[in-house]
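# Geometric and topological summary
Given next are the chains, with one letter for each unit.
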Amino acid sequence: MLTLDPETTSAPSYSLLNASIQETFTSLDRFEWQAVSEVMQMRDKQLYLEAGYADFKEYCQRELSAWGGYRRITQLLGAKKVIDTVGELGEHIKNERQARPLLRLVKEPDKLREAVAIAIRENPSPNQSDFAAAAQKVVPRTPRPRIKAPTQEPLVPKNSEPLVPQPARVTVTSADHPRHGESGTIEADPPNYWQQIVTFADGSRELVNNADLDAPSVPYPTQRTYPKEYAEAIAAIEQQYQQKIERLEQELRIGLQSEATAKAEQQMQEQLSSWQQLYQQQKEQIIQMQQRLDEMEALRKLGDENEQLKQRNQELENAVQERPSQQWGNTLTKQAAKALNKEVMRSLDQTIDLRSLAQEPPKENAQECLRLMGIALGNLATAMNNTQALQAAALILGTEPNKSAIAYRAEQLQLIPQAVSDIRAVLAKPGCSWPDYLDVAREYEVIEQDYLAQLTPQEVELITALEKDAQPKIIGVGSIVAHADIYSALYNTRGEVIEDLGDEVWVAWEHWKDRPKKTDRYFKKELRLL
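Residues numbered from 1 in each chain as written. Predicted model: local features only at pLDDT ≥ 70, side-chain atom pairs only at ≥ 80, totals over all residues. Heavy atoms only, no water.

The name given to the chain in an unreviewed UniProt entry is ATPase involved in DNA repair, with the source organism recorded as Anabaena azotica FACHB-119.

Put into structure tokens, the structure is as follows:
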């Protein structure tokens, strides 16, 4: 309920005041239904016995007299029975007043539901009169016979005794009353304006509500009368309460407006934050796409170079096919022999003889000297058909003692200087990675152990570190992680894995260190490594 103080603000509009009135009455009906549920618990569980009351009726008359006592509670319980009987249609019954004309049909559930359906069909938001008209259509009620008042006072014979007035006779007509259908007499003055003291046929005297009785001949007062001074005091109190209610309504309205404003600001902040986060994500995606385009451009250039190499290779193959194979073979053999003799002479200039070389290899360029000696022995064994020279060449070159194996090994060893030069060149590049190294190393894969022996220990350690960094990382104890969901509040936070449970881990978050709860449990697939 919302009101405005006329002293501080202007007069409210019709729509605002009307909405406030409807909200107030809706709240009253909702709280009344809540009270019915609590009263049913009190009655069904007989909790009133703990306070020393003999029955539920006495409890209602003593504790709830300010809200209508047992009569009002009986009406609310009857309305609850109506709503429970009609089932889903009960949501259209908003209060006890609307359920009151339907109470007489509660013993016939089919007719009761039919009456509610008729009322809803004629008016989507039915009121008390709509339900009463629908109940009258389904089960018409016979009107009570009216007792006509005499036209004039009965004449009393002068010589006869005056008539003694007979007690008024009444009948309990309420279906919810325990004495429904029983008749009695009113022999005493009423204790208040809404009840009568009725004496029944069994001699018991009970206090019965006027609404539960059918006695047209008994004049029931419609409201309680007070002395003039009491009436003025009551009117003053009512005015004070009305002013207080209006002031509270004004404060509530101002509070609701402030709360609505704060809620709108919070929603705007959340929306702005989500937009900023979306902008950051789009920016990261653009950067990733740019990197991907750069990679594709590099691959395109490599493809062009590969096509050029293929074309050059094809040209060389065509040139080889145009010359006689014997002529090319002789040329290659001559050129290889010249290069080999030149390398052998250069190597022999740095050595003493085979016997001293066998006892102690030279300290400078020893591996290259041994390879050249092996190649020389292989050529010598081939030329002289010497088996011992062939075995010696195979032992030095590290292969099998046959001509084809020694020749193949000699071709491989000739690639070692170029391999070492290429490997060192790629390792010297800034930001060298494992894929960069592999691109070069795959060309010399068959002589990997040979060129690794020519590298320095620092270069070998660098290759090992690159390989280790390229291995996929696994979340384990000590890993620094964040949430994998980009929409999670923990996506940009840091946490450390403190316990590994297999598929799940316990994570201690840095921004939770000041909270009572510092850790939480997650599946590994929910996290990402930082």
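### Some points on the overall build of the chain
This is how it is decided: Secondary structure counts use DSSP, requiring at least four H or I residues in a row for a helix and at least two E residues in a row for a strand, with both numbered from the N terminus. Buried, partly exposed and exposed residues are distinguished by accessible area as a fraction of the type maximum, computed with a 1.4 Å probe on protein chains only: under 20%, between the cut-offs, and over 50%, respectively. Each accessible area is a Shrake-Rupley result for a 1.4 Å probe, and residues are judged covered by the shown protein chains and nothing else.
Across its full length, the chain carries 16 helices and 10 strands. Of all 530 residues assigned to the chain, the portion counted as buried reaches 27%. Split by element, the accessible area of the chain, about 38,300 Å² in all, is 53% carbon and sulfur.

### Points about the sheet that holds strand 5 (residues 213-214)
How we decide: Pairs of strands are assigned from DSSP output, requiring at least two bridges between the strands.
Read from one edge of the open sheet, 5 strands run 4-3-2-1-5, paired in antiparallel fashion. Either end of the sheet is taken by a strand with one partner, and the two such strands are strand 4 (205-209) and strand 5. Bridge count between strand 1 (residues 168-172) and strand 2 (residues 183-186): 4 bridges; the pairing is antiparallel. Within strand 2, the position partnered with Val-170 by the bridge is Gly-184.

### Some remarks on the sheet that holds strand 7 (residues 495-500)
Threshold: Axes here mean lines fitted to C-alpha atoms, for a helix over just the part in contact, with angles spanning 0 to 180 degrees between N-to-C directions.
Spatially, the 5 strands line up as an open sheet ordered 9-8-7-6-10, and their pairing is antiparallel. Strands at the two margins of the open sheet, each flanked by one partner only, are strand 9 (519-523) and strand 10 (527-529). Strand-to-strand, the axes of this sheet are offset by a mean angle of 50°, without reference to chain direction.

### Some remarks on the pairing of strand 6 (residues 480-483)
Here strand 6 pairs with strand 7 via 2 bridges, running antiparallel. From the neighbouring strand, Val-481 faces strand 7, where its bridge partner is Gly-495. Sheet analysis places strand 6 next to strand 10, joined by 3 bridges and oriented antiparallel. Bridge assignment links Val-481 to a residue of strand 10, and that residue is Leu-529.

### With respect to the nonpolar core
Test applied: Here, nonpolar core refers to any group of buried Ala, Val, Leu, Ile, Met, Phe, Trp, Tyr and Cys residues whose side-chain atoms link them within 4.5 Å.
Of all hydrophobic cores here, the largest spans 33 residues; its most connected members are Phe-56, Tyr-59, Cys-60, Ile-73, Ile-93, Leu-102 and Leu-112. Mapped by element, the contributors of at least two residues to this core are helix 1 (14-44), helix 2 (56-63), helix 3 (69-86), helix 5 (109-122) and helix 6 (128-138). For this core, the leading source of residues is helix 3, giving 8 residues. Of all hydrophobic cores here, the second largest spans 23 residues; its members include Ile-406, Val-420, Cys-432 and Ala-441.

### Quick notes on the confidence of the model for the chain
As a reminder, the rule being used: The quantity known as pLDDT measures the predictor's confidence residue by residue, on a range of 0 to 100. Contacts: residue pairs with any heavy atoms within 4.5 Å of one another.
Overall, the predicted model of the chain reaches an average pLDDT of 77, with 76% of residues at or above 70. Note on residues 149-164: pLDDT under 50 across the span, and 0 contacts to partners over four residues away in sequence or across chains. Counted against residues more than four places away or in other chains, residues 347-355, with its pLDDT under 50, gives 8 contacts.

### Re the packing of aromatic side chains
Note the cut-off: Between the rings of Phe, Tyr and Trp (Trp by its six-membered ring), a pair exists once the centres lie within 6.5 Å; its type follows the angle of the planes, with under 30 degrees stacked, over 60 edge-to-face, and the other angles tilted. Think of it as a cone above the ring: NZ of Lys or CZ of Arg counts as a charge over the ring if it is within 6 Å of the ring centre and within 35 degrees of the ring normal.
In the structure shown here, the tally under the stated rule is 6 aromatic pairs. With a centroid separation of 6.0 Å and 55° between ring planes, the pair formed by Tyr-48 and Phe-56 is classed as tilted. Relative to Trp-512, the ring of Trp-509 lies with its centre 6.4 Å away and its plane at 65°, an arrangement referred to as edge-to-face. There is no split in this pair, since Trp-509 and Trp-512 are both buried. Three or more aromatic residues joined by ring pairs form one cluster here, namely Tyr-48, Tyr-53, Phe-56 and Tyr-59. The ring of Phe-523 has Lys-525 lying over it, and the distance from NZ or CZ to the ring centre is 5.9 Å. Stacked on the ring of Tyr-491, the Lys or Arg Arg-528 has its end atom at 4.0 Å from the ring centre.

### A closer look at the pattern of salt bridges
The following threshold applies: In what follows, salt bridge is the name for a side-chain nitrogen of Lys or Arg lying within 4 Å of a carboxyl oxygen of Asp or Glu.
Summed over the entire model, instances satisfying the criterion amount to 20 salt bridges. With a shortest N-O distance of 2.7 Å, Glu-96 and Arg-72 are connected by a salt bridge. Of this pair, Glu-96 sits in helix 4 (residues 96-99) while Arg-72 sits in helix 3, and the two are 24 residues apart along the sequence. Comparing Glu-96 with Arg-72, the two get one shared label, buried. Between Asp-110 and Arg-113 there is a salt bridge, with its nearest N and O atoms 3.0 Å apart. Of the two residues, Asp-110 and Arg-113 both sit in helix 5, 3 residues apart, roughly one turn of that helix. A relative accessible area of 59% places Asp-110 in the exposed class.

### Some thoughts on helix 5
The following threshold applies: A helix is expected to reach a length of 1.5 Å times the quantity of its residues less one.
Taking 1.5 Å of rise per residue, the 14 residues of helix 5 would be expected to cover 20 Å, and the 20 Å separating its terminal C-alpha atoms lies within 8% of that figure. Leu-112, Ala-115, Val-116, Ile-118, Ala-119 and Ile-120 are the residues of helix 5 that are buried. Buried residues along helix 5 sit in contact with helix 3 and helix 6.

### Side note on the packing of helix 2 against helix 3
Direction vectors running N to C along helix 2 and helix 3 enclose 115°, while the axes themselves pass 7 Å from each other. Residues Phe-56, Lys-57, Cys-60 and Gln-61 of helix 2 lie in contact with helix 3, whose contacting residues are Gly-69, Tyr-70, Arg-71, Ile-73 and Leu-77.

### Regarding the side chain of Asn-95
Rules: Polar contacts, as used here, are pairs of N or O atoms within 3.5 Å; protein pairs need one atom able to donate a hydrogen and one able to accept it. Residues neighboring in sequence count only if both atoms are side-chain atoms.
As for its placement among the helices and strands, Asn-95 is situated in the loop between helix 3 and helix 4. Under the relative-accessibility criterion, Asn-95 is labelled buried at 6%. Within the structure, Asn-95 has its side chain in polar contact with the backbone nitrogen of Gln-98 (distance 3.1 Å).

### Let's talk about unusual backbone geometry
The phi dihedral of Gln-46 is positive, around 55°, even though this residue is not glycine. Note that Gln-46 resides in the loop between helix 1 and helix 2.

### Examining helix 13 (residues 416-427)
Heads up, the condition is: The directions considered for the arc are those from the helix axis to the C-beta atoms.
Over its 12 residues, helix 13 extends 16 Å from the first C-alpha to the last, a length consistent with the 16 Å expected when each residue adds 1.5 Å. Looking only at helix 13, the buried set comprises Ile-416, Ala-419, Val-420, Ile-423, Val-426 and Leu-427. Across the axial projection of helix 13, the buried residues extend over an arc of 135°, all falling on one side.

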